[in-house]
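The residues making up each chain are set out below.
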Amino acid sequence: MDKMMDSPWVLRIVALFLALLLFFSVRTELSPKNKSIMSEQTVVIRDVPVDVFYDDKNLIVTGIPKTVNVTIKGPTPLALKAQTSRDFSIFADLSKLLIGEHNVRLQYENISDKLQVTLDPATVKVNIEEKVTQEFRVDPELNTRLIEEGYILNGMTANPATVYVTGAKSAIKNISYVKATVTGEQGLKEPFSQVAAVKVLDRDLNKLDVTIEPATVKVQVDIGAYSRELPVVLKEIGKAANGITVNQLTISPTKVRVYGKKSIIDALTAIPLEVDLSKITESKTYEFEVKLPEGVTKISDSKIKVKADTTMVEQEKTTTTTTTPGLTPTPSPHPGDSGTTSDNNTPPTEKTEDIDS
């Protein structure tokens, strides 16, 4: 073995083999195919904005995505530069298209020709429509379950009361609701105001892609205690004084507004007013206090005026005068019998009328 290794031919053969191995190894590394593989890079740039060119003063375009994903493949330095700087743009040129539906291929610019570019999506279906602006009334809304028991929503007003909605003609035709929703905490029982965003919805309550001017309105919310207007029913109590006849009683007002829980107020049909006839002494206007029914917290008129029409009754009283025993009364002279006395020994009885007004 040692003799073989000392042989110059063996050393020459080993040296030649190593030389050939090194040659083919370097050649493989420097081949164009491997050079290309080692220098190319693929990058994905997400959410790149899409620019749209069209007559935006008179037309509305729908169907264009706001962003797309861009895949770039090519030389590593160029791919990484595009990914880092993002100085390229993606756009759709609709300036020469007419109103209607179109399939449009998205384009790009400011990207090196040495890079392979793929857009996702690459083609989009767009709809070009006439732009329309129309005025709509704003309807404020509030979840009534937020209102405290015993209180109700009297009304809401929006300022401004109307807004201008701009969008595609088809979208404007589909508008069913223009609302401003007011929010709040549980237990609302006082009026308040709030700035609310305006929403434009179709009949299925889907939000429409339109422009609203102004986008917000100030909503005034009027919340108050629950109330109803009920008639006043006169109820006579007591007895009129002697000598007085009460002919007629007229009340004013004939209706009052009562406040309280809805279940209690709705069960009432009238408000009784007790009028004590013993306090009616003459024809004039009196005031009587209303007794609140149980559950009623407040009433619009706590006192009711009662106009009384009365008549005074005249009474006759008869008084009898009796002569004292032992005395002979002097009879009244009879007209025409001056100075004469009666022959009748029976003393006369004198009657006097007393009118007690």
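Note that this is a predicted model, so its numbers are computed, not measured.

Definitions and cut-offs
Residues numbered from 1 in each chain as written. Predicted model: local features only at pLDDT ≥ 70, side-chain atom pairs only at ≥ 80, totals over all residues. Heavy atoms only, no water. Helix = DSSP H or I, 4+ residues; strand = E, 2+ residues; numbered from the N terminus. Buried < 20%, exposed > 50% of the residue type's maximum accessible area, 1.4 Å probe, protein only. Contact = heavy atoms within 4.5 Å. Areas by Shrake-Rupley, 256 points an atom, 1.4 Å probe, with all protein chains shown as cover. Pairing = 2+ DSSP bridges. Axes fitted to C-alpha atoms, helices over the stretch in contact; angles between N-to-C directions. Arc of directions from axis to C-beta. Salt bridge = Lys/Arg side-chain N within 4 Å of Asp/Glu carboxyl O. pLDDT = per-residue confidence, 0-100.

1. Concerning the overall build of the chain
1) Next: Helix and strand counts for the chain stand at six helices and 24 strands.
2) Next: Counting all 357 residues of the chain, 27% fall into the buried class.
3) Next: Of the contacts made within the chain by residues no fewer than 6 positions apart, 71% connect residues no fewer than 24 positions apart.
4) Next: On the chain, roughly 25200 Å² of surface is accessible, and the fraction owed to carbon and sulfur atoms is 51%.

2. Notes on the sheet that holds strand E1 (residues 40-53)
1) Next: Strand order in the open sheet formed by five strands is E6-E4-E1-E3-E7, with mixed pairing between adjacent strands. If you trace the sheet from one side to the other, it starts and ends with strand E6 (107-109) and strand E7 (116-120), each paired once. Mean inter-strand twist for the sheet, computed between neighbouring axes without regard to direction, equals 35°.
2) Next: Judged from the three bridges that link them, strand E4 (residues 89-93) and E6 form a sheet pairing that is antiparallel. Bridge pairing in E6 links Phe91 to Gln107.
3) Next: Running at roughly 40° to E1, helix H4 (residues 76-85) makes contact with E1 and strand E3 (67-75) of the sheet.

3. Description of the side chain of Lys179
1) Next: Within the element layout of this structure, Lys179 appears in strand E12 (residues 177-182).
2) Next: The buried category is assigned to Lys179, whose relative accessible area is 17%.

4. What to know about the sheet that holds strand E18 (residues 255-260)
1) Next: One open sheet accounts for four strands, arranged E19-E16-E18-E21; its pairing is mixed. The sheet is open, and its two borders are formed by strand E19 (271-276) and strand E21 (296-299), each paired with just one other strand. Taken over all neighbouring pairs, the strand axes of this sheet differ in orientation by 40° on average, direction set aside.
2) Next: The pairing of strand E16 (residues 227-237) with E18 spans five bridges and is classified as antiparallel. Opposite Glu229, over in E18, you have Arg257 as the bridge partner.

5. Some words on H4
In an α-helix, one full turn covers 3.6 residues, which means residues spaced three or four apart are oriented alike.
1) Next: Within H4, burial applies to Thr76, Ala79 and Ala82. Summarising the axial view, the buried residues of H4 lie within an arc of 135°, below the 170-degree limit, and thus occupy one face. Residues of H4 that are exposed and point more than 90 degrees away from the buried face comprise Pro77 and Thr84.
2) Next: The first or second residue beyond H4 is Arg86, which carries a positive phi of 50°.

6. A short note on the pattern of salt bridges
1) Next: According to the stated counting rule, one finds six salt bridges in the structure shown.
2) Next: Taking the shortest distance from any N to any O, the salt bridge between Lys179 and Glu141 comes out at 3.8 Å. Here Lys179 is found in strand E12, whereas its partner Glu141 is found in strand E9 (residues 139-142), with 38 residues between them in sequence.

7. Structural notes on the pairing of E3
1) Next: Sheet topology note: the E1/E3 ladder contains eight bridges and is antiparallel. Bridging from a neighbouring strand, Ile45 pairs with Val70 of E3.
2) Next: Sheet topology note: the E3/E7 ladder contains five bridges and is antiparallel. The residue bridging Asn69 from the neighbouring strand is Asp120, located in E7.

8. Some points on unusual backbone geometry
1) Next: The omega torsion across Asp120 and Pro121 is 0°, close enough to zero to call that bond cis.
2) Next: By secondary structure assignment, the location of Pro121 is in the loop between E7 and strand E8 (123-137).
3) Next: Here the phi dihedral of Asp47 falls at roughly 55°; this positive angle occurs in a residue that is not glycine.
4) Next: Inspection of the secondary structure puts Asp47 in strand E1.
5) Next: A positive phi angle is found at Arg86, which is not glycine, with a value near 50°.
6) Next: Of note, Arg86 is situated in the loop between H4 and E4.

9. So, the confidence of the model for the chain
1) Next: Per-residue pLDDT for the chain averages 84, and the proportion of residues at 70 or more is 82%.
2) Next: Across residues 316-357, where pLDDT falls below 50, the model places 22 contacts with residues more than four positions away in sequence or in other chains.

10. Observations concerning the side chain of Ser227
1) Next: Note that Ser227 resides in strand E16.
2) Next: Looking at Ser227, the relative accessible area reads 15%, which means it is buried.
3) Next: The contacts of Ser227, once residues within four sequence positions are left out, are Arg257, Val258, Tyr259 and Ile265.

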